[in-house]
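# Structure assessment
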Amino acid sequence: MAGAASALFLLDIKGRVLVWRDYRGDVTAAQAERFFSKLIEKEVFTPRLLSPIFDLSSTNYKIIGDSESNEPVVYDNGVTYMFVQHSNVYLMIASRQNCNAASLLFFLHRVIDVFKHYFEELEEESLRDNFVVVYELLDEMMDFGYPQYTEARILSEFIKTDAYRMEVTQRPPMAVTNAVSWRSEGLQFKKNEVFLDVVESVNILVNSNGQIVRSDVVGALKMRTYLSGMPECKLGLNDRVLLEAQGRATKGKAIDLEDIKFHQCVRLARFENDRTISFIPPDGAFDLMTYRLSTQVKPLIWVEAQIERHSRSRVEMLVKARSQFKERSTATNVEIELPVPTDASNPTVRTSLGSAAYAPEKDALVWKIKSFPGNKEYMLRAEFHLPSITAEEATPERKAPIRVKFEIPYFTVSGIQVRYLKVIEKSGYQALPWVRYITMAGEYELRLM
């Protein structure tokens with residue numbers, strides 16, 4: 001078994017201890033001061049926030065550090081410190097053992113999710129106002145330095161705040177004492193339904209020569225379940241490995257999934273054995289699976305831009321946007337962000353479809369198209385005025401990329417398909433499964449201007 005955490009600290013922005021929970025008795029509260037001193041010595045601490053360590057559903061996860069030293073782990077005198085920052089609070093675990101740092105960092109992110117479930121926002125003030133609940137949660141989520149229960153919905157059944165009042169004295173829910181810690185027993189719904197969204201984000205980077213530098217697809221199977229009892233769900237995909245193992249001819253498009261990550265409810269042993277995704281789902285919304293495909297993706301919406309300078313005081317822009325997917329699909333909420341000179345003003349814009357507006361705070365012209373059918377091309381013409389007087393030593397004009405946002409319902413780039421979604425429950429009720437596909441733009445940048 002991996003090493004355990006010694007203590008968990010919640011610190012304010014200046015490194016002062018707000019709450020700390022000692023789990024093993026081999027560290028003291030003075031470790032928080034040593035932790036911050038070590039950060040300063042290594043010049044890791046800066047007030048600037050960086051990108052999240054993990055790509056989780058919550059988007060406000062940050063770590064501290066500069067671009068050269070941003071490790072969320074610090075070692076000093078036999079103690080390992082693992083930390084993340086959320087808003088104006090630092091969450092830090094200290095350990096004297098050789099522990100699994102990635103596991104404990106992930107646990108800190110789950111702690112953030114639980115606190116946000118209880119307090120809406122995790123910040124210094126919410127911790128000070130809820131000391132008792134915080135200590136109760138820390139006691140339940142970790143025992144003797146080992147992570148235990150991190151499902152907020154289960155914890156809220158027996159750790160109550162004003163939002164979760166207990167009308168009668170309750171015993172701990174069965175989910176805490178059985179093998180299915182993510183789901184409570186006795187759930188009942190008048191209408192048993194399962195909603196599955198297959199969401200794919202397309203990441204593309206195109207250089208100034210029109211060559212694709214980077215392209216990949218990041219997908220997620222997002223579920224919402226409203227099922228009575230303790231149902232068993234089985235999900236089948238057009239997975240090439242599974243279809244070939246079953247000796248089936250792949251008439252349609254079979255795909256090779258990479259970097260698969262499952263929710264804890266999935267039986268991994270069965271998936272590794274026969275590629276069947278079998279699970280007892282949590283109640284409500286959750287991400288069943290995420291995956292990635294490193295494949296050459298043709299840009300779904302291609303943008304060409306030509307800039308003509310007629311004089312020092314006038315610039316004309318001609319933009320062509322072309323959809324490169326089949327006619328039966330339609331992109332919605334298309335937004336094309338076109339960079340313009342920082343000193344541009346008084347734009348005159350004409351479009352063949354949609355509307356365009358000048359956004360001076362972005363130094364960009366934003367072209368919005370509500371519905372963009374497949375295999376179509378539309379144009380935009382814009383004229384900007386520039387100051388007639390320029391500085392003698394003008395700074396070089398920055399080359400910002402064209403950014404594109406869109407959503408294409410009922411369409412996936414990878415070709416992933418849900419072959420079946422079965423719900424089996426001992427009472428024998430019939431559940432209604434609903435499946436929806438959608439593709440959207442992720443980091444979609446065209447450096448063509």
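Structure shown above.
Keep in mind that what you see is a predicted model, and the values were worked out from it rather than measured.

## Structural notes on the pattern of salt bridges
- A full pass over the atoms with the stated rule returns 20 salt bridges.
- A salt bridge links E337 to R403; the shortest N-O distance between them is 3.9 Å. Taken as a pair, E337 in strand 17 (residues 330–339) and R403 in strand 22 (residues 402–409) lie far apart in primary sequence, 66 residues in all.
- Assessed through its relative accessible area of 37%, R403 is described here as partly exposed.

## Examining the packing of aromatic side chains
- Following the criterion strictly, the structure yields 13 aromatic pairs and no others.
- Plain terms: the ring middles of F35 and Y81 are 5.6 Å apart, the flat faces sit at 40 degrees to each other, and that makes the pair tilted. Placement of the pair is F35 in helix 1 (residues 30–41) and Y81 in strand 5 (residues 79–86), with a sequence separation of 46 residues. Taken as a pair, F35 and Y81 share a single burial class, namely buried.

## As for the pairing of strand 21 (residues 377–385)
- Residues of strand 21 alternate between two faces, with Y378, L380, A382 and F384 buried on one and E377, M379, R381, E383 and H385 left unburied on the opposite face.
- Bridge count between strand 16 (residues 314–323) and strand 21: nine bridges; the pairing is antiparallel. Bridge pairing in strand 21 places L318 opposite R381.
- Here strand 18 (residues 345–351) pairs with strand 21 via five bridges, running antiparallel. Paired with T351 across the strands is L380, a residue of strand 21.

## With respect to the sheet that holds strand 23 (residues 418–424)
- Read from one edge of the open sheet, three strands run 13-11-23, paired in antiparallel fashion. At either margin of the open sheet sits one strand with a lone partner, and together these are strand 13 (277–279) and strand 23. Between one strand and the next, the sheet's axes are offset by a mean angle of 10 degrees, whatever the strand orientation.
- Inspection of the sheet shows strand 11 (residues 232–237) paired to strand 23 by six bridges, in the antiparallel sense. Each bridged residue has a counterpart across the sheet, and for K234 the counterpart in strand 23 is K422.

## Remarks on the packing of helix 2 (residues 101–119) against helix 4 (residues 131–141)
- Across the interface, helix 2 lies against helix 4 with an axial gap of 11 Å and an inter-helix angle of 140 degrees. It follows from the interaxial angle that helix 2 and helix 4 lie oblique. In this structure, helix 2 crosses over helix 4, and the sense of that crossing is right-handed. Judged by residue contacts, F107, V111, V114, F115, Y118 and F119 of helix 2 engage V133, V134, L137, L138 and M141 from helix 4.
- Residue composition of the contact of helix 2 with helix 4, by class: 11 nonpolar, no polar and no charged.

## Focus on the sheet that holds strand 15 (residues 301–311)
- Here we have four strands laid out as an open sheet, ordered 15-16-21-18, and antiparallel in their pairing. What marks the edges here is a single partner per strand, and that holds for strand 15 and strand 18. On average, each strand axis in the sheet is inclined to that of its neighbour by 15 degrees, with strand direction left out of account.
- The sheet contact formed by strand 15 and strand 16 spans 10 bridges and is antiparallel. If you follow Q306 over to strand 16, its bridge partner there is L318.

## Quick look at the state of the cysteines
- Counted by the stated rule, this structure contains zero disulfides.
- Cysteine C265 remains unbridged, with the sulfur of C233 as its closest cysteine sulfur at 8.5 Å.

## Points about helix 2
- Along its 19 residues, helix 2 runs 27 Å from first to last C-alpha, staying within 8% of the 27 Å computed at 1.5 Å per residue.
- All of the buried residues along helix 2 are L104, L105, F107, L108, H109, R110, V111, I112, V114, F115, Y118 and F119.
- Its side-chain oxygen 3.2 Å from the backbone nitrogen of A102, N100 forms the N-cap of helix 2.
- Two residues or fewer after helix 2 comes E120, characterised by a positive phi angle close to 70 degrees.

## Section: the nonpolar core
- Counting 69 residues, the largest nonpolar core has L221, L235, I277, F279 and L288 as its most contacted members.
- Here the element with the most residues in this core is strand 9 (residues 193–206); it accounts for six residues.
- Setting aside its immediate chain neighbours within four residues, L235 contacts L196, L221, I277, F279, L288, V418, Y420 and L421.
- Grouped together as the second largest cluster of nonpolar side chains are 34 residues, C99, L104, I112 and L122 included.

Conventions we followed
Residues numbered from 1 in each chain as written. Predicted model: local features only at pLDDT ≥ 70, side-chain atom pairs only at ≥ 80, totals over all residues. Heavy atoms only, no water. Salt bridge = Lys/Arg side-chain N within 4 Å of Asp/Glu carboxyl O. Helix = DSSP H or I, 4+ residues; strand = E, 2+ residues; numbered from the N terminus. Buried < 20%, exposed > 50% of the residue type's maximum accessible area, 1.4 Å probe, protein only. Phe/Tyr/Trp six-rings, centres within 6.5 Å; stacked < 30°, edge-to-face > 60°. Pairing = 2+ DSSP bridges. Axes fitted to C-alpha atoms, helices over the stretch in contact; angles between N-to-C directions. Parallel < 35°, antiparallel > 145°, perpendicular 65-115°, else oblique. Left-handed = near helix turned anticlockwise from the far one by under 90°. Contact = heavy atoms within 4.5 Å. Nonpolar A, V, L, I, M, F, W, Y, C, P; charged D, E, K, R; others polar. Disulfide = S-S within 2.5 Å. Expected span 1.5 Å × (residues − 1). Polar contact = N/O pair within 3.5 Å; in protein donor to acceptor, adjacent residues only side chain to side chain. Core = buried A, V, L, I, M, F, W, Y, C linked by side-chain atoms within 4.5 Å.

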